[in-house]
Structure formats: C-alpha cells, structure tokens
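A closer look at the structure
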Amino acid sequence: MKIIETDNYEEMSRLAADHVEAEVVSCPHLVLGLAAGSTPRRMYEFLGQGYRERGVSYRAVQGFNLDEYYGLSKEHPQSFYQYLTRYLAGGTDFQEENLQVLDALAPDIGKECREFEKKIELAGGIDLQILGLGNTGHIGFNEPDAAFPRHSHCVKLKEETVKANAKYFSGGEVPRYAMTMGVGTIMQARQIIMLVSGKEKAGILKKVLCGQVTPQVPASILQFHRECTVIADSEALSAYHQML
Ligand code: GLP
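For clarity, every value in this text was computed on a predicted model and none was experimentally measured.

1. Let's talk about the site of the ligand
Neighbouring residues of the ligand: 14 residues in total, closest Ser38, Thr39, Asp67, His138 and Lys201. Residue Thr39 places a side-chain N or O atom 2.5 Å away from an oxygen atom belonging to the ligand. Contact between the ligand and Lys201: an oxygen atom at 2.7 Å from a side-chain N or O atom of the residue. Within the complex, the protein chains bury 91% of what would otherwise be the 390 Å² of accessible surface of the ligand. One can see that the ligand is located within the largest pocket. Class assignment for the residues of the shell around the ligand results in four nonpolar, eight polar and two charged.

2. Structural notes on the layout of surface pockets
The computed volume of the largest pocket comes to approximately 670 Å³. Elements with a minimum of two residues in the lining of the largest pocket: strand S4 (67-69), helix H3 (80-89) and helix H5 (159-165). Broken down by element, the residue count for the lining of the largest pocket peaks at four residues, all from H3. Tallied by class, residues from the lining of the largest pocket come to 15 nonpolar, 14 polar and six charged. In terms of lining, the second largest pocket is formed by Glu117, Ile120, Glu121, Gly124, Gly125, Ile126, His151, Thr185, Gln188, Ala189 and Arg190. No other element matches helix H4 (residues 109-122), which puts three residues into the lining of the second largest pocket. Counted by class, the lining of the second largest pocket contains three nonpolar, five polar and three charged residues.

Definitions and limits used
All chains use their own residue numbering, which begins from 1 and follows the written sequence. In view of the model being predicted, local features appear only for residues whose pLDDT reaches at least 70, and side-chain atom pairs are presented and counted only at 80 or more, with totals across whole chains, interfaces and linings using the full set of residues. In computing side-chain values, all of the structure's heavy atoms are included and hydrogens and water are not. Neighbouring residues are identified by heavy atoms, a residue being near a molecule or strand if any of them is within 4 Å of it. Side-chain atoms alone can form a polar contact between residues adjacent in sequence; in general such a contact is a pair of N or O atoms within 3.5 Å, and within protein one must be able to donate a hydrogen while the other accepts it. For the area figures, the Shrake-Rupley method with a 1.4 Å probe applies, and any residue is considered shielded solely by the protein chains shown. Lining residues are defined by having an atom within 4 Å of a point belonging to a cavity or pocket. Those points lie on a 1 Å grid over the protein atoms alone, cavities being sets where a 1.4 Å probe fits but cannot get out and pockets being open sets with protein on both sides within 12 Å along at least five of seven lines. Think of it this way: a molecule belongs to a cavity or pocket when more than half its atoms come within 2 Å of the grid points there. Three residue categories are used. Nonpolar comprises Ala, Val, Leu, Ile, Met, Phe, Trp, Tyr, Cys and Pro, charged comprises Asp, Glu, Lys and Arg, and polar comprises the others, including Gly. Grid points are joined across faces, edges and corners, and a volume is the space filled by probe spheres set on the points. Secondary structure counts use DSSP, requiring at least four H or I residues in a row for a helix and at least two E residues in a row for a strand, with both numbered from the N terminus.

Put into structure tokens, the structure is as follows:
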C-alpha cells in the first residue's frame, strides 16, 4: 500500500482528482468504481473544474456505484445515485446512462447483486476504484464481520454507521440496511485509491494501515492489494505517525 500525505482536505481532493484525470486522459473508456460520502465530494468538484477548464472528458467513462442505501429510490435526495448524478454527471460530461447502480428497491436482492457483478465483468472489470473509509473501518458498506464478504450483497449497518449517516437525513428515518459491492469485488479492481480526511478517522486509519488484516477492520485487506494508494491528510494520519 502506498501512502500519500497531504496538508489538508483541499490538497487531498486536488491530488485525487489529478490522479483520476490522468487515468481518464490516458484511457477514455476507463471503468470507474465510484464512492459517495462527504470525503470525495471536493474531488468530484475538481473533476468538474478539469472538465470545464481543460476539457477532460468523461463521455466514454463507465461508472459503477460502490454502494447504496437499501430501500431508497434513485430519486431520493440522499441516495448515492443522486449524489453521483449531482457531483459527477452534473459537473462533467459523464453520461448518466453509463452509471450502473445496485437497485436498492429490487424485489430480488440476490438476483440484483449477481447481475451487478455480471455487469462489472462484462465491462472488463473495474480499472480504478475510488474509496472512502467509514468510522467502523468499512469500505463501501462492508461492515466489520466474521469474514470478508466476497460478492455484492445487502448488509445490516452498524449502529455507529447509522449514527454517522444521521446528519444526512435531518430528523428523518436513517436507513439501517444497505447494498454494497463485496470486499472481493473491490479487491478485484486493478487500481484503488482510498481518500481519508480528518482526525476522527485517525484511529481507524492507523488500524487499516498497520494493524492486523482482519474482517473486523474490513479496509485492512487493502494491505494486500497490489495497486492501492491511500491519499490522506495529516490529521487523518496523525495516529499512524504517533506509533512510528
Ligand atoms: C459511507 C459510505 C462509503 C463511504 C464511507 C465514508 O457511509 N458507505 O462509501 O466511503 O461511509 O463516508 P464519509 O466520506 O462521509 O466519511
């Protein structure tokens, strides 16, 4: 795992956007795995800036949504589908029809997950997966568990995750289940970048970077990925530095 430290969130976002742009420029048909959440938001804004100012085009890019709250329609303002259409399709020429998502209203979840995996396979696999890091150590919505979930599936969210997400649902009901790419799906991506910002992620990031590789800290498996870069700001890396 390669670690790149930045001074702050802005620099982390800029660096991540530069990386994504470089990949898209060298391969216009890139297959991207797309994270939502507050961490990559500024990165997506920088991608929009690159499109407007330098004409970096996302027209031929295919995107796969990393995860989605179970039970939310695509139209729900807090769905990750809305997030990606707002931040990626809204800011660049990324084509909404090129965005594949796990349908969180699918009547047969197992079938929906299998078909999603099949679509990734047919696209030739994910070239570059963008990840955030959850407070529980989750990637996508793969929560701490007894084993690493291999394929896309539906998951019951940990109480800590539900609490962390409550800020997005202003008093409304916070989803307790989600659909997510499996850890195996994520690990099959050719390249991964994980963005981490802020001191509240410092403790968990330290475990991810140099703790035991265990399904109790799902992101720790990234230690075994051949092409994984963690781009984190100095606050997020503060606990890691203390132990060095
Ligand atoms: C969210 C999503 C992840 C995200 C992570 C961190 O709940 N499931 O895709 O990367 O948790 O979120 P944030 O960036 O808002 O801290």
